[in-house]
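As a plain string of letters, each chain reads:
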Amino acid sequence: MPYMMTTFNSRAGRVAVLAVFCIIGLVWIFPGHGNLLSSNFYAGNGYNSSHPIDALIDTGKTDLDELLGTQSHNLRSAAEKYRARRGRQPPPGFGEWYEFAKSKDSLIIEEFFDQIYHDLTPYWALEPKELRRQARSLPTRITVRNKTTVLKTDEPRSWMDSWYDLVSKLENGLPDLDMPINVMDETRLVVPWEKINEYVQKEQKDRVMMEPSRVISEYMTLADSDSQDLEPYDAGFAVPGKGGYWEMARVGCPPGSPAHKSNLPKVDFGTPPWEYDNFERMSYHGYVSNFTLAKDPCVRPEMQVLHGTFLEPISVSTSHKLMPLFGGSKLPMNNEILLPPAMYWAQNDHYSGGEKEHGGPWRSKTNKAMWRGAATGGRAREPNWTGFQRHRFMSMMNATSVAQAEKNQSHGINFRLPNYADYKLSDNGFIPQLLSEYTDTGFNHLVCTPYNETDPTCPYLDPYFEVAPGMPMKDMYNFKYLPDLDGNSFSGRYRGFMLSTSLPIKATIYNEWHDSRLIPWVHFVPMDTTYIDVYGILAYFLGGRDQAARKIALAGKAWGEKVLRREDMEIYTYRLLLEYARICDDRREFLGYVDDFKRS
């Protein structure tokens, strides 16, 4: 089966095929008058009836129970689970890593680290000396020599400072290494799937469980090699050609995947919207049941005209070659090595609301969905802005725009309404009423092209969007529901939302380091990037499931305080760099940890 589609399909992104779900008696009609909260609907009409989200929540709870059942409670168990899942000996330093993790009161669950092995597996096909040459060729990198971390950068960069701070805290346990880092918002590596598959096949063919007697436990040093004059590596970074970034990116999709084999016709942005049937086919009664699948552009070719990343990103410098490059997020077809994002580590109130600010009790929060932010996502020009994700969401949250769309065959200028009958929603104007009473969303800057930082307006967007006052994140926590959307890449607010007492409603096409740790419908609410399911989600929770929303919000916060802590970012990075250093070592096939055999 295709590697990029199947190797990393974590429990957090997977839901087994659900049994036929009985929806007989499902009542999902808002009342036709009066305040929605005071209606019979909220008094219980539909509250006890079955709903697809109920089944998704139940499935998520089962997944969580299974995940918790795989914990390791001692070093020997952790090493055994490593060998069973990875097919080779753990890296040197694994024992010290385990003790470090336990000292931080961490859950030791091997599945938490699946992303590391998905990212690093292809690199085993390249020669260690070549990897070291490639790594030294980028100007923005962090090096470790003799337990000392050094930052190397072509110019001052705040995110590099944050990543340096993270790595330097681990330096006493790290071998010598060079780690180049992508400092752009946008991702930079897309190796053709055929080449990645070739690399993966080689790794699988050469992988061995080395006999303990032959294992070497010491990494090589790199100090002597620093004086060597290595020929710089040309990564071949390039900008999009005629087909735009979509043509550059889709080469990373497996043959036979919808994105690899099909081209959408030339888009006329003057006559949107576009069809969302692909999501409807893969959803569970209109809701996200497999988050990994739903956010993968390889199976969602419609994203080429529904997401700013593919329409016109702010900056593009992409290579089709494999080389070591670390970054905070990536598309599923990208080949960077994921780190915890610098903005998560930086303790920046703009992205966290304050490390100790999580919001008050659920009952004291305003019962609305809140979103504030800039109209980012790329260069939104006239007329391509109608394909941008944030613009679409703002239009779909506007009661007036939705009311007009209901009168226009369910079409707005940049969105299509769902079939209300599919979601058991009334088509008699109650969604505009819901949005008017229970949402507070808006752009605080329209980010016109060309960009003017001091002028938040934009002549071609002003007829459709008003500029709303900004809002600090700590004030957003006063609202119950917090939608979270992609901007130029991933959203830096997600960790803050997860640790708050509010409920994150997450839509993205980007992968992050923590994806295998979070279970949709248990720790957060997944939403499709078309947003066609947003009204059903709001109707479900506002329609009498307030306690269900509270339960997910608080469960996500409690879980985040176990697996998304700064300590957890250290533990993940420590493990990642041990594995990365092994791959770059000339004796990598023999490197390993086998001390647990000696203890037994």
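Keep in mind it's a predicted model, so treat the numbers as computed, not measured. (Residues numbered from 1 in each chain as written. Predicted model: local features only at pLDDT ≥ 70, side-chain atom pairs only at ≥ 80, totals over all residues. Heavy atoms only, no water.)

Right, let's get into the pattern of salt bridges. Scanning all chains against the criterion turns up 33 salt bridges. Between Arg300 and Glu302 there is a salt bridge, and its shortest N-O distance comes to 2.6 Å. Take Arg300 and Glu302: they sit in the same class, and that class is buried. Linking Arg588 and Glu589 is a salt bridge whose minimum nitrogen-to-oxygen distance equals 3.9 Å. Using a relative accessible area of 40% as the deciding quantity, one classes Glu589 as partly exposed. (Salt bridge = Lys/Arg side-chain N within 4 Å of Asp/Glu carboxyl O. Buried < 20%, exposed > 50% of the residue type's maximum accessible area, 1.4 Å probe, protein only.)

As a further point, take the confidence of the model for the chain. Residue-level pLDDT values for the chain average 90, and 89% of them are 70 or greater. In the predicted structure, residues 12-35 sits below a pLDDT of 50 and forms 73 contacts with residues beyond four places in sequence or in another chain. For residues 37-48, every residue scores under 50 in pLDDT, and the model assigns this stretch 22 contacts once sequence neighbours within four places are set aside. (pLDDT = per-residue confidence, 0-100. Contact = heavy atoms within 4.5 Å.)

Moving on, we come to helix 22 (residues 534-542). Where burial is concerned, most of helix 22 is hidden: nine out of the nine residues are buried. Turning to helix 22, its buried residues number three or more, namely Val534, Tyr535, Gly536, Ile537, Leu538, Ala539, Tyr540, Phe541 and Leu542. Of the residues flanking the end of helix 22, it is Gly544, one or two places downstream, whose phi is positive at about 110 degrees. (Helix = DSSP H or I, 4+ residues; strand = E, 2+ residues; numbered from the N terminus.)

On to the environment of Lys424. Looking at the secondary structure, you find Lys424 in the loop between helix 18 (399-406) and helix 19 (430-438). Looking at Lys424, the relative accessible area reads 28%, which means it is partly exposed. C-alpha separation for the pair Lys424 and Gly536, spaced 112 residues apart in sequence, amounts to 8.2 Å.

By size, the foremost hydrophobic cluster in this structure holds 159 residues, and its most contacted members are Met179, Tyr535 and Tyr580. Examining the composition of this core, we find that ten residues originate from one element, helix 24 (residues 566-583), more than from any other. What Met179 contacts, discounting residues up to four positions off in sequence, is Thr140, Arg141, Ile142, Val167, Phe326, Leu339, Leu577 and Tyr580. Formed by seven residues, the second largest nonpolar core is a distinct cluster that contains Met473, Met476, Tyr477 and Phe497. (Core = buried A, V, L, I, M, F, W, Y, C linked by side-chain atoms within 4.5 Å.)

One open sheet holds the three strands; their spatial order is 2-1-3, and the pairing between them is antiparallel. Two strands lie at the open edges of the sheet, namely strand 2 (148-152) and strand 3 (177-180), each paired on one side alone. Going across the sheet, the axis of each strand differs from the next one's by a mean of 15 degrees, ignoring polarity. The strands that helix 8 (residues 158-168) touches are strand 1 (141-145), strand 2 and strand 3; relative to strand 2, the one it contacts most, it runs at about 170 degrees. (Pairing = 2+ DSSP bridges. Axes fitted to C-alpha atoms, helices over the stretch in contact; angles between N-to-C directions.)

This paragraph deals with the side chain of Lys557. Tracing the backbone through its elements, the reader meets Lys557 in helix 23 (residues 546-563). Residues within four places of Lys557 in sequence aside, it is in contact with His358, Met498, Leu499, Ser500 and Thr501.

This paragraph deals with the packing of aromatic side chains. Scanning all chains against the criterion turns up 25 aromatic pairs. Ring geometry for Trp385 against Phe465: centres 5.7 Å apart, planes inclined by 80 degrees, an arrangement best described as edge-to-face. Linking Trp385 in the loop between strand 6 (366-374) and helix 17 (389-396) with Phe465 in the loop between strand 7 (439-445) and helix 20 (473-476), this pair joins segments that are 80 residues apart in sequence. An identical accessibility class is assigned to Trp385 and Phe465; each is buried. (Phe/Tyr/Trp six-rings, centres within 6.5 Å; stacked < 30°, edge-to-face > 60°.)

Okay, the pairing of strand 8 (residues 479-484) next. The side chains of a regular strand alternate, first on one face of the sheet and then on the other. Summarising burial for strand 8: six of the six residues are buried, a large majority. Sheet analysis places strand 6 next to strand 8, joined by two bridges and oriented parallel. By the bridge assignment for strand 8, Thr366 is matched with Phe479. Note that strand 8 and strand 9 (residues 503-506) share four bridges and pair parallel. Looking at strand 9, one finds that Leu482 is bridged to Pro504.

Let us now look at the pairing of strand 1. Burial analysis of strand 1 places five of its five residues in the buried class, the great majority of the element. Residues Arg141, Thr143 and Arg145 point to one face of strand 1 and Ile142 and Val144 to the other, with burial holding for every one of them. Examined bridge by bridge, strand 1 and strand 3 share four bridges and lie antiparallel to one another. Note on strand 3: the bridge partner recorded for Ile142 is Met179. Strand direction decides the pairing type here: strand 1 and strand 2, joined by five bridges, are antiparallel. Residue pairing across strands places Val144 opposite Thr149, the latter belonging to strand 2.

In a disulfide, the sulfur atoms of two cysteines are held together by a covalent bond. For the structure on display, the rule yields two disulfides. Sulfur-sulfur distance for the disulfide between Cys253 and Cys298 comes to 2.1 Å. Between Cys253 and Cys298, the S-S torsion sits near -85 degrees, and that sign places the bridge as left-handed. Within this pair, whereas Cys253 is found in the loop between helix 10 (244-249) and helix 11 (258-261), its partner Cys298 is found in the loop between helix 13 (291-294) and helix 14 (308-311), the two being separated by 45 residues in sequence. When its relative accessible area of 0% is taken as the criterion, Cys253 is described as buried. Disulfide partner of Cys448: Cys458, at an S-S distance of 2.2 Å. Between Cys448 and Cys458, the S-S dihedral sits near 55 degrees, and the bridge is therefore right-handed. Separated by ten residues along the polypeptide, Cys448 in the loop between strand 7 and helix 20 and Cys458 in the loop between strand 7 and helix 20 bring together distant segments of the chain. When sorted by exposure, Cys448 lands in the same class as Cys458, which is buried. (Disulfide = S-S within 2.5 Å.)

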